[in-house]
Amino acid sequence: MEKNKNGPASLFELDGIPKLSLALPLALQHIVAMIVGCVTPAIIVANVCQMAEPDRVLLVQSALIVAALSTLLQLFPIGPAGFRLGSRLPVIMGISFAYVPSMQAIAAQSGVSAILGAQIIGGVIAFTVGLFVKKIRRFFPPLITGTVVFTIGLSLYPTAINYMAGGTSSETYGHWENWLIAFLTLGVVTALNHFGKGIFKLASILIGIIVGYGIAFFAGMIDLASISNAALVQFPQPLHFGIAFEPAACVAIGLLFAINSIQAIGDFTATTSGSIGREPSGEELRGGITGYGVANIIGALLGGLPTATFSQNVGIVTTTKVVNRCVLGLTAVILLAAGLLPKFSALLTTIPQCVLGGATVSVFASIAMTGIKLVTTEEMNYRNTSIVGLAAALGMGISQASAALSTFPGWVTTIFGKSPVVVATIVAILLNVVLPKNKG
């Protein structure tokens, strides 16, 4: 499409500055689609660690700030032409649910500092994958990445159910009021997903949380004291949570970074093919994945949890065909501004766990089904069903019966017994290499 050199740029071209009146609503649309998913992992980790309120707020702030900075790096790469960090493609980055099962296990045992230390190692791994993406990619076909994503979705279900019941740390865990509000929230989300149109469908999770939050407020389940106690403006506090390099945590998170680096290729490809009508170039893939690695290293120092490309925002780009980088850059600027406002972050931490559970159980279901879709892009013969079935069975089974590893050293339990994703990944990769491909 030819650029308009005498006026504002088109929304449907990568470069140039469009009218703010057109860009702002589209940027807000991206915010609505991703903000709940971006902050929920931080809230979950904060709950596992039973953080004090100021630290909970800071972790949520860091999530928003790191998501914004990671997105800006992808949109506006830095470095020389031959080796840029960032893809220069219209993508949104946010804190990823893919890491939640492993982060929960690490946080319970070693705290946030071990997550952030492992994240730095993971960032180095992602950077390395980016450098050799063409050679490494063959070890992660859709069958493998789909199996891992499917296992991630399955492993998140208990988290959602415990949240729907009010949270295991709550004195009212399992109370009927928690279940009622959770199912009302889920009902709103489901209804809007299937019957809503436009912004109502796009913002189904956000609207569901607002409705559930309102009901919980009138039920006397919300304490707003943390909002009044929060500062008006607060900048990131580097190394506030510390950095610790626990070998077992580094292995668990590092594997996920390798998988997510390959998974990002799918999001980059979906973005370019669905909105620009081409495949991403080798330089764009290398820049996107190396930038992903560097952004996570910096993010760990700022106290932000691991990020990844957000598929829901890829869906918006491919549906609307709005690829202008300034539109998505405005989304990142709004996220950054929100992250600098502790009162906004404090408001997010007051969402009752039953409301979060009701809103996110459908997200976790969607993650599992995304994995199934990836898996079924390949022929479901006996070999491939064996790989998927055994990987998921061993991953979920060992994590559900982690006491069976009690006679092994503690690091074995941390790596293989706390999160099903690690076992599922290793088993799927090994079986894909070992099993003959010419057998039905």
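See the structure shown above.
Residues numbered from 1 in each chain as written. Predicted model: local features only at pLDDT ≥ 70, side-chain atom pairs only at ≥ 80, totals over all residues. Heavy atoms only, no water.

A. Here's a closer look at the overall build of the chain. Counting secondary structure elements, the chain contains 19 helices and 2 strands. A compact globule built from 440 residues should have a C-alpha radius of gyration of about 22 Å, and the chain, at 21 Å, falls within 12% of that. For the C-alpha atoms alone, the extent of the chain along its principal axes is close to 70 × 60 × 45 Å. Looking at the chain as a whole, 55% of its 440 residues qualify as buried. Across the chain, the fraction of contacts at a sequence separation of at least 24, relative to all contacts at a separation of at least 6, is 81%. A total of about 18,300 Å² of accessible surface is found on the chain, and carbon and sulfur atoms cover 67% of it. (Helix = DSSP H or I, 4+ residues; strand = E, 2+ residues; numbered from the N terminus. Rg over C-alpha atoms; globule rule 2.2 N^0.38 Å. Buried < 20%, exposed > 50% of the residue type's maximum accessible area, 1.4 Å probe, protein only. Contact = heavy atoms within 4.5 Å. Areas by Shrake-Rupley, 256 points an atom, 1.4 Å probe, with all protein chains shown as cover.)

B. Layout of the pattern of salt bridges. Scanning the entire structure with this criterion turns up 4 salt bridges. Measuring nitrogen to oxygen at the nearest pair gives 2.6 Å for the salt bridge that ties Asp15 to Arg88. Taken together, the positions of Asp15 in the segment before α1 (20-49) and Arg88 in the loop between α2 (53-75) and β1 (93-95) put the pair 73 residues apart, joining distant regions of the chain. Judged by relative accessible area, which is 29%, Arg88 ranks as partly exposed. Close ionic contact of Arg325 with Asp15 constitutes a salt bridge, the shortest N to O distance being 2.6 Å. Residue Arg325 is located in helix α14 (residues 325-339), and its partner Asp15 is located in the segment before α1; the two are separated by 310 residues in the primary sequence. Here the two residues Arg325 and Asp15 agree in accessibility, since each one is buried. Through salt bridges with shared partners, a single ionic network connects Asp15, Arg88 and Arg325. (Salt bridge = Lys/Arg side-chain N within 4 Å of Asp/Glu carboxyl O.)

C. Main features of the nonpolar core. In terms of nonpolar packing, the biggest core is built from 109 residues, with Val45, Leu59, Phe97, Tyr99, Met103, Leu305 and Ile367 touching the most fellow members. Among the elements that make up this core, the one with the highest residue count is α1 (14 residues). Non-local contacts of Tyr99, meaning those with residues more than four positions away in its chain, are made with Ile253, Leu256, Phe257, Asn260, Tyr292, Pro306 and Thr307. (Core = buried A, V, L, I, M, F, W, Y, C linked by side-chain atoms within 4.5 Å.)

D. Focus on the packing of aromatic side chains. Across all of its chains, the model carries 5 aromatic pairs by this definition. Aromatic pair Trp179 and Phe183: ring centres 5.9 Å apart, planes at 25°, arrangement stacked. Linking Trp179 with Phe183, this pair stays in helix α7 (residues 176-195), spanning 4 residues, or about one helical turn. Ring centres of Phe217 and Phe218 lie 5.7 Å apart, and the angle between their planes is 80°; this geometry places the pair in the edge-to-face category. Here a set of aromatic residues connected by ring pairs shows up, and it is made of Tyr99, Phe257 and Tyr292. (Phe/Tyr/Trp six-rings, centres within 6.5 Å; stacked < 30°, edge-to-face > 60°.)

E. Layout of helix α11 (residues 247-275). The terminal C-alpha atoms of α11 lie 41 Å apart, and with 29 residues this matches the ideal 42 Å at 1.5 Å per residue to within 8%. Taking burial as the measure, the 29 residues of α11 include 21 buried ones, the bulk of the element. Immediately downstream of α11, the backbone of Gly277 shows phi near 80°, a positive value. (Expected span 1.5 Å × (residues − 1).)

F. Structural view of a nonpolar patch on the surface. Nonpolar side chains collect at one region of the surface, where Trp176, Leu180, Leu184, Val211 and Ile215 lie side by side and expose about 440 Å² of accessible area between them. No other element matches the 3 residues that α7 contributes to the nonpolar patch. One can find Val211 in helix α9 (residues 204-218). You can call Val211 partly exposed: its relative accessible area is 33%. (Patch = residues over 30% accessible without salt bridge, like charges linked within 9 Å, V, L, I, M, F, W, Y side chains within 5 Å.)

G. The packing of α2 against α14, seen in detail. Their axes nearest at 8 Å, the elements α2 and α14 cross at an angle of 160°. The orientation of α2 relative to α14 falls into the category roughly antiparallel. α2 and α14 meet at a crossing whose hand is left-handed. Facing α2, whose interface residues are Gln61, Leu64, Ile65, Ala67, Ala68, Thr71, Leu72 and Leu75, α14 presents Arg325, Leu328, Gly329, Ala332, Leu335, Leu336, Ala338 and Gly339. Counted by class, the contact of α2 with α14 contains 11 nonpolar, 4 polar and 1 charged residues. (Axes fitted to C-alpha atoms, helices over the stretch in contact; angles between N-to-C directions. Parallel < 35°, antiparallel > 145°, perpendicular 65-115°, else oblique. Left-handed = near helix turned anticlockwise from the far one by under 90°. Nonpolar A, V, L, I, M, F, W, Y, C, P; charged D, E, K, R; others polar.)

H. Up close: the environment of Phe200. Structurally, Phe200 is set in helix α8 (residues 199-202). Excluding residues that lie within four positions of it along the chain, Phe200 makes contacts with Leu192 and Ile207.

I. Quick peek at the side chain of Arg325. Take Arg325: its relative accessible area is 10%, and that puts it in the buried class. Setting aside residues up to four positions removed in sequence, Arg325 forms contacts with Leu14, Asp15, Leu75, Phe76, Pro77 and Arg88.

J. Structural context of the packing of helix α3 (residues 100-110) against helix α4 (residues 112-131). Running from amino to carboxyl end, α3 crosses α4 at an angle of 130°, the nearest separation of the two axes being 7 Å. Judged on the interaxial angle alone, α4 and α3 are oblique. Contacts from Met103, Ile106, Ala107 and Ser110 of α3 reach α4 at Val112, Ser113, Ala114 and Ile115.

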